[in-house]
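Reading the structure
Chain residues, written in single-letter form:
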2 protein chains.
Amino acid sequence: VTDAAPQLYLEDLVVGEVERFGRCVVEREEVIAFALRYDPQPYHVDDAAAAANPMFGRISASAVHTFAMTSRMLAERAAFTGFRPSAGLGMKEMRNLKPVYPGDVLTVETEITEARRSRSQPGRGVVTQAVRVYNQDGDKVMEFNGAMLFPARGP
Amino acid sequence: VTDAAPQLYLEDLVVGEVERFGRCVVEREEVIAFALRYDPQPYHVDDAAAAANPMFGRISASAVHTFAMTSRMLAERAAFTGFRPSAGLGMKEMRNLKPVYPGDVLTVETEITEARRSRSQPGRGVVTQAVRVYNQDGDKVMEFNGAMLFPARGP
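Summarised in this report is the structure supplied together with it. (Residues numbered from 1 in each chain as written. Chains lettered and ligands numbered in written order. Predicted model: local features only at pLDDT ≥ 70, side-chain atom pairs only at ≥ 80, totals over all residues. Heavy atoms only, no water.)

A few words now on the overall build of chain A. The number of helices and strands found in chain A is four helices and five strands. The order of helices and strands in chain A, counted from the N terminus, is β-α-α-α-α-β-β-β-β. Considering only C-alpha atoms, chain A reaches an extent of 60 × 30 × 25 Å along its principal axes. Each of the 155 residues in chain A was classed as buried or not, and the buried ones make up 52%. Across chain A, contacts joining residues at least 24 apart in sequence account for 71% of those joining residues at least 6 apart. Just so you have it, chain A exposes about 6,800 Å², and 52% of that area is on carbon and sulfur atoms. (Helix = DSSP H or I, 4+ residues; strand = E, 2+ residues; numbered from the N terminus. Buried < 20%, exposed > 50% of the residue type's maximum accessible area, 1.4 Å probe, protein only. Contact = heavy atoms within 4.5 Å. Areas by Shrake-Rupley, 256 points an atom, 1.4 Å probe, with all protein chains shown as cover.)

Given below as structure tokens:
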């Protein structure tokens with residue numbers, strides 16, 4: 001990870017700010033390998049089982065894998081924006097909206113929805129962002145809200 | 001995936017039913033490899049950066065990785081219980097409660113919190129379960145609520 005951009009702090013974040021970034025090509029071999037290891041549902045790893053499932057029709061990425069690819073795009077943002085959380089706190093309302101297929105190209109949109117001081121940890125903030133994942137057709141394939149601890153400049 | 005147990009249907013599920021299962025040993029090499037690929041935060045991949053982060057102290061698994069390991073334990077359940085969803089719909093309220101360290105041994109507890117017919121898809125149900133992940137000390141390290149489509153016997 002190249003960490004070129006200087007660290008952002010809680011005081012730098014603006015609620016409502018939207019960013020679009022990332023480019024992740026979904027690879028068939030990786031889709032199958034990831035699913036075999038972490039989400040071995042027949043419809044993620046076997047062409048015939050996928051064809052028989054009317055929700056998918058053909059092999060699609062596990063939502064866990066889509067979440068992981070999104071996580072990578074979010075982490076890559078750090079290098080060019082300095083958006084580096086101290087730790088992830090959790091997520092709310094992850095929705096799997098459309099299947100993600102091999103060959104798809106994913107991008108991310110984030111929106112800061114909350115940026116406040118931590119009540120329990122002086123010197124840190126709690127930041128919440130909406131994360132939306134789109135494919136090359138502009139279809140939203142996944143969305144969630146992520147909460148994280150974020151460094152603050154002062155107490 | 002060995003699919004020995006016959007498929008469960010919506011009609012077989014009982015709200016409030018709790019199951020405990022799974023055993024996943026967290027491996028240091030896998031923690032680092034997963035984080036390098038999908039969540040390259042310095043504190044997940046570098047001993048010195050992890051030691052400097054007061055939230056962690058030493059290298060810990062990415063929450064995305066813990067979620068993936070949990071997903072595998074949930075999928076393995078299918079072979080011995082027949083609990084095989086048609087598709088995942090999403091999640092609510094994932095909380096990362098404690099760091100997950102190499103050497104930890106994770107297990108899962110699930111509780112069915114809702115099991116109803118789908119309004120849009122006859123012949124399918126919508127099932128929600130609470131998922132709680134524990135380490136070898138009995139500490140809850142992660143929890144979330146997962147929603148899925150589930151096959152039903154009749155319309």
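Still to come is the rest of the account.
Right, let's talk about the interface of chain B and chain A for a bit. Of the residues lining the interface, 38 residues belong to chain B; the matching set on chain A comes to 38 residues. Carbon and sulfur atoms make up 55% of the area that chain B and chain A hide from each other, which totals about 3,200 Å². Run the count over chain B and chain A and you get two salt bridges. A salt bridge links Arg37(A) to Glu30(B); the shortest N-O distance between them is 2.8 Å. At the boundary of chain B and chain A, one finds 23 residue pairs in polar contact (both at pLDDT 80 or more). For the side of chain B that touches chain A, the secondary-structure elements that each account for two or more residues are helix H1 (28-38), helix H2 (42-45), helix H4 (63-81) and strand E2 (87-96) of chain B. Per-element tally for the side of chain B that touches chain A: the top contributor is E2(B), with ten residues. Across the side of chain B that touches chain A, the residue classes break down as 20 nonpolar, nine polar and nine charged. Two strands pair when backbone bridges link them, and strand E2 (residues 87-96) of chain A and E2(B) are joined in this way by four bridges, in the antiparallel orientation. Counted as the bridge partner of Met94(A) is Met91(B) from E2(B). (Buried area = accessible area lost by both parts, 1.4 Å probe. Salt bridge = Lys/Arg side-chain N within 4 Å of Asp/Glu carboxyl O. Polar contact = N/O pair within 3.5 Å; in protein donor to acceptor, adjacent residues only side chain to side chain. Nonpolar A, V, L, I, M, F, W, Y, C, P; charged D, E, K, R; others polar. Pairing = 2+ DSSP bridges.)

The subject of this paragraph is the pairing of strand E3 (residues 105-117) of chain B. Residue and element names in this part refer to chain B. With six bridges connecting them, strand E1 (residues 18-25) and E3 associate as antiparallel partners. If you follow Arg-20 over to E3, its bridge partner there is Glu-109. Alignment of E3 against strand E4 (residues 124-134), held across ten bridges, turns out to be antiparallel. Across the sheet, residue Thr-110 finds its bridge partner in E4, namely Val-131. From the end of E3 to the start of E4, which pair antiparallel, there are six residues, and Gly-123 there has a positive phi angle of about 85°.

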